[in-house]
Amino acid sequence: MHELAIGKSILRLAVDRATAAGRTRVTAIDLVVGELRNLEAPTLQRYFDHISAGSIAEGAVLRVTRAPARFTCATCGEPSPAIVCGPCGGAPCTLVGGREMLVERLEVA
Amino acid sequence: MGEVAVIDVRTEILAENALEASAIRERLRADGIVLVNITASPGAGKTMLILETFRRLRGRFRIGVIEGDVASQVDADRMAAAGVPTVQVTTGGLCHLDVPMVAAALGRLTPGPFDLVFVENIGNLVCTADFDLGADANVVLLSVPEGDDKPQKYPLIFVTSDALVVTKTDYLPISDFDLGAATAGARALNPALPIFPVSCRNGDGLDAWCAWVVERVEARRRADDHG
Ligand SMILES: Nc1nc2c(ncn2[C@@H]2O[C@H](COP(=O)(O)OP(=O)(O)OP(=O)(O)O)[C@@H](O)[C@H]2O)c(=O)[nH]1
Ligand SMILES: [Mg+2]
Ligand SMILES: [Zn+2]
């Protein structure tokens, strides 16, 4: 159900940016969503299709790229894929990626 | 115009929500209110924990409660029966509270002024994690009957929380819930997460939890005194 609120934010952003650029149609929307986010792409698309009907983004395809969880080591400062540092074994590392949720770009006509 | 083109946007989808959350955070700071957002699965013991915390801290702080519920008024009635100033927010099916709902509820909460306001969020570990309410502290509850694997299954809420309360610890002797496993799972996502095992049935652990809440209010007062 949170996909509905998120879909509305995406729609608003897409319509605003496309209109500001003098465009009359949004055909695709590229999203970057961290893997820690609970977002179901098919559900999001279904809600989006419903709320975008009649707007310039009607029929737009949502393309979701998942961004992996990433950590930075507090001991050596290196990036690490896990809570325990790969390079030096230090723990715990700080989570720096995996929570993002962005509209990356629009395809417009 | 008319030809296909690409527009770079690179904007957080919930940027507007983040702005609203910062605005309410500023307003609460100015009003001297500490807002604590309580999130958990249905039936994890949110209402019970807030009531027990109220009983222990009511002599010290002016405490109010915002009760989020999908449809019913049951929890707000329980709060009112215990003498807690309460405002009910019914989302009408929506799975999470958002900033405008909380802001409106704060406006209706009487009799003020308040030092400490608890929000009982909708019973849900998924949707509530995405929406910053502007709270000073986000607290997630995990009850013993739910199992110790919830941090792996619902990671985001454990990342965005400032404390974990493990509730219903009176069930530990008859459960396979492993407190060490729950702690490890949560700290793998949020290394400095404070964890409070409590039972509202026998009172275990409630003093430590309440001390943490008291410290949040005292820290706010110290910050206010310094500028
Ligand atoms: N044994 C035991 N039962 C508890 C404890 N805390 C709450 N309960 C019981 O668990 C049930 C649910 O508690 P609530 O406080 O209503 O839980 P909640 O999270 O507010 O529930 P919803 O608002 O419906 O999502 C009630 O029957 C409580 O009596 C506890 O520490 N130990
Ligand atoms: Mg409740
Ligand atoms: Zn390291």
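Overview of the structure. (Residues numbered from 1 in each chain as written. Chains lettered and ligands numbered in written order. Predicted model: local features only at pLDDT ≥ 70, side-chain atom pairs only at ≥ 80, totals over all residues. Heavy atoms only, no water.)

## Notes on the coordination of the zinc ion (ligand 3)
All names here are of chain A. The protein atoms that coordinate the zinc ion (ligand 3) are Cys73 (SG), Cys76 (SG), Cys85 (SG) and Cys88 (SG), at distances of 2.3 to 2.4 Å. For the zinc ion (ligand 3), the four donor atoms are set out with angles of 104 to 115 degrees between them, so the coordination reads as tetrahedral. All donor residues of the zinc ion (ligand 3) come from one chain, and their arrangement in sequence is C-x2-C-x8-C-x2-C. Overall, Cys85 belongs to the buried group, its relative accessible area being 4%. (Donors = N, O, S within 2.8 Å, 3.2 Å for Na, K, Ca; no water. Tetrahedral: all angles 85-135°; square planar, octahedral: opposite > 155°, others 65-115°. Buried < 20%, exposed > 50% of the residue type's maximum accessible area, 1.4 Å probe, protein only.)

## Here we look at the site of ligand 1
All names here are of chain B. The local shell around ligand 1 holds 16 residues, among which Lys46, Thr47, Met48, Asp170 and Cys200 are the closest. At 3.2 Å from an oxygen atom of ligand 1 is found a main-chain nitrogen or oxygen belonging to Ala44. Gly45 has a polar backbone atom sitting 3.0 Å from an oxygen atom of ligand 1. Burial of ligand 1 by the protein amounts to 76% of the accessible area it has alone, namely 650 Å². A per-element tally of the shell around ligand 1 places helix 2 (residues 46-57) first, with three residues. (Near = heavy atom within 4 Å. Polar contact = N/O pair within 3.5 Å; in protein donor to acceptor, adjacent residues only side chain to side chain. Areas by Shrake-Rupley, 256 points an atom, 1.4 Å probe, with all protein chains shown as cover. Helix = DSSP H or I, 4+ residues; strand = E, 2+ residues; numbered from the N terminus.)

## Section: the sheet that holds strand 6 (residues 101-108) of chain A
Taking strand neighbours across the sheet as the criterion, the four strands line up as 2(A)-1(A)-6(A)-1(B) in an open arrangement whose pairing is mixed. What marks the edges here is a single partner per strand, and that holds for strand 2 (61-67) of chain A together with strand 1 (5-12) of chain B. On average, each strand axis in the sheet is inclined to that of its neighbour by 20 degrees, with strand direction left out of account. With seven bridges connecting them, strand 1 (residues 26-34) of chain A and strand 6 of chain A associate as antiparallel partners. From the neighbouring strand, A:Ala28 faces strand 6 of chain A, where its bridge partner is A:Glu107. Contacting strand 1 and strand 2 of chain A, helix 2 (residues 41-52) of chain A runs over the sheet at an angle of about 150 degrees to strand 2 of chain A. (Pairing = 2+ DSSP bridges. Axes fitted to C-alpha atoms, helices over the stretch in contact; angles between N-to-C directions. Contact = heavy atoms within 4.5 Å.)

## Observations regarding the interface of chain B and chain A
For interface size, the figure often reported is the accessible area lost on association. Listed per partner, the contact involves 30 residues of chain B and 33 residues of chain A. Overall, the association of chain B and chain A removes approximately 2900 Å² of surface from exposure, summing both partners, and the carbon and sulfur fraction of that is 63%. Looking at the side of chain B facing chain A, the largest losses of area belong to B:Ile7, B:Val9 and B:Ile13, adding up to 23% of the total buried there. Viewed at the interface, chain A and chain B are joined by five salt bridges. One can count twelve residue pairs in polar contact (both at pLDDT 80 or more) joining chain B with chain A. Those elements that provide at least two residues to the side of chain B that touches chain A are strand 1, helix 6 (155-160) and helix 7 (179-189) of chain B. It is strand 1 of chain B that contributes the most residues to the side of chain B that touches chain A, eight residues altogether. In the sheet, strand 6 of chain A pairs with strand 1 of chain B via six bridges, with the strands oriented antiparallel. Looking across to strand 1 of chain B, one finds that A:Val108 is bridged to B:Ala5. (Buried area = accessible area lost by both parts, 1.4 Å probe. Salt bridge = Lys/Arg side-chain N within 4 Å of Asp/Glu carboxyl O.)

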